[in-house]
Amino acid sequence: GAVQTVVLNRGVGRFSSLLVVPVFVAAFVTCNAVGGGILFDEFGRMTAAQRRAYPAGLGLLVAGVLTLAAKPTPPAEPP
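Colleague: Honestly, unusual backbone geometry in this entry has me stumped. Any pointers?
Modeller: Leave glycine aside and you will find that most residues have negative phi; peptide bonds, for their part, are mostly trans. Positive phi, normally seen in glycine, also occurs at Asp41, with a value near 55 degrees. Judged by its relative accessible area of 48%, Asp41 is partly exposed.

Colleague: Would you mind showing me how to read helix 3 (residues 48–69) here?
Modeller: One full turn of an α-helix is made of 3.6 residues, so residues set three or four places apart face in the same direction. For helix 3, spanning 22 residues, the distance from its first C-alpha to its last is 32 Å, which sits close to the expected 32 Å at 1.5 Å a residue. Residues Leu58, Val65 and Ala69 constitute the buried set of helix 3. When helix 3 is viewed along its axis, its buried side chains cluster within an angular range of 30 degrees and face the same direction. In this structure, helix 3 carries Arg52, Leu60, Thr67 and Leu68 as exposed residues pointing more than 90 degrees from its buried face. Where the residues of helix 3 are buried, they touch helix 2 (17–39).

Colleague: So what exactly am I meant to see when it comes to the confidence of the model for the protein chain here?
Modeller: Caution applies to low-pLDDT parts of the model: their predicted coordinates are not meant to be read in detail. Per-chain confidence: the protein chain averages 87 in pLDDT, with 90% of residues scoring 70 or above. When pLDDT is averaged over each element of the protein chain, helix 1 (residues 2–14) comes out on top at 91 and helix 2 at the bottom at 89.

Colleague: Can you help me understand the environment of Gln4 in this one?
Modeller: Locating Gln4 in the fold gives a position in helix 1. What makes Gln4 partly exposed here is its relative accessible area of 34%. Through-space distance from the C-alpha of Gln4 to that of Phe24 is 9.1 Å; in sequence the pair is 20 residues apart. The residues touching Gln4, leaving out its near neighbours within four places in the chain, are Phe24 and Phe28.

Colleague: Explain the environment of Val20 here, please?
Modeller: Take Val20: it is sitting in helix 2. Take Val20: its relative accessible area is 11%, and that puts it in the buried class. Along the chain, Val20 and Leu8 lie 12 residues apart, while their C-alpha atoms are 7.3 Å from each other. Apart from the residues lying within four places of it in its own chain, the contact partners of Val20 are Leu8, Gly11, Val12 and Phe15.

Colleague: Quick question: what am I supposed to make of helix 2 here?
Modeller: Look at helix 2: 32 Å from first C-alpha to last across 23 residues, which is about the 33 Å you get at 1.5 Å a residue. All of the buried residues along helix 2 are Val20, Ala26, Gly36 and Gly37. The inward-facing, buried residues of helix 2 abut helix 1 and helix 3. Measuring from the side-chain oxygen of the N-cap residue of helix 2 to the backbone nitrogen of Leu18 gives 3.1 Å; that N-cap residue is Ser16.

Conventions adopted
- Residue numbers run consecutively from 1 along every chain, following the written order of its sequence.
- The model is predicted, so local features are restricted to residues of pLDDT at least 70 and side-chain atom pairs to those at 80 or more, both for listing and for counting; the totals for chains, interfaces and linings are taken over all residues.
- The side-chain numbers reported here are obtained from all heavy atoms of the structure, hydrogens and water having been left aside.
- The buried label applies to any residue whose accessible area, calculated with a 1.4 Å probe on protein chains only, is under 20% of its type's maximum; exposed applies above 50%, and partly exposed to all values in between.
- By definition, any uninterrupted DSSP run of H or I lasting at least four residues is a helix, any uninterrupted run of E lasting at least two residues is a strand, and each is numbered from the N terminus.
- One less than the residue count of a helix, multiplied by 1.5 Å, gives the span that helix is expected to have.
- This arc is built from the directions going out from the helix axis to the C-beta atoms.
- Contacts between residues were defined by any pair of non-hydrogen atoms, one from each residue, lying within 4.5 Å.
- Per-residue confidence from the predictor is given as pLDDT, running between 0 and 100.
- Pairs of N or O atoms within 3.5 Å make up the polar contacts considered here, provided that, within protein, one atom can donate a hydrogen while the other can accept it, and that residues adjacent in sequence are counted only when both atoms are side-chain atoms.

Okay, structure coming up:
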């Protein structure tokens, strides 16, 4: 809603949108996935394999966003 729009606008005002938007989306997806798991009691019905895979999937999400949002290092200038 309105709070998300304000936070996103402030972030874009301070940092590059190439960083803010992916981080915002990753945080939004992570919070919704965890919130849905709690609200619908999905975590209580998970098998042991699913309990290991769920945080691994969220970790991959965060790692992928951080990788994509990282600024490329400029090439070194020749001496």
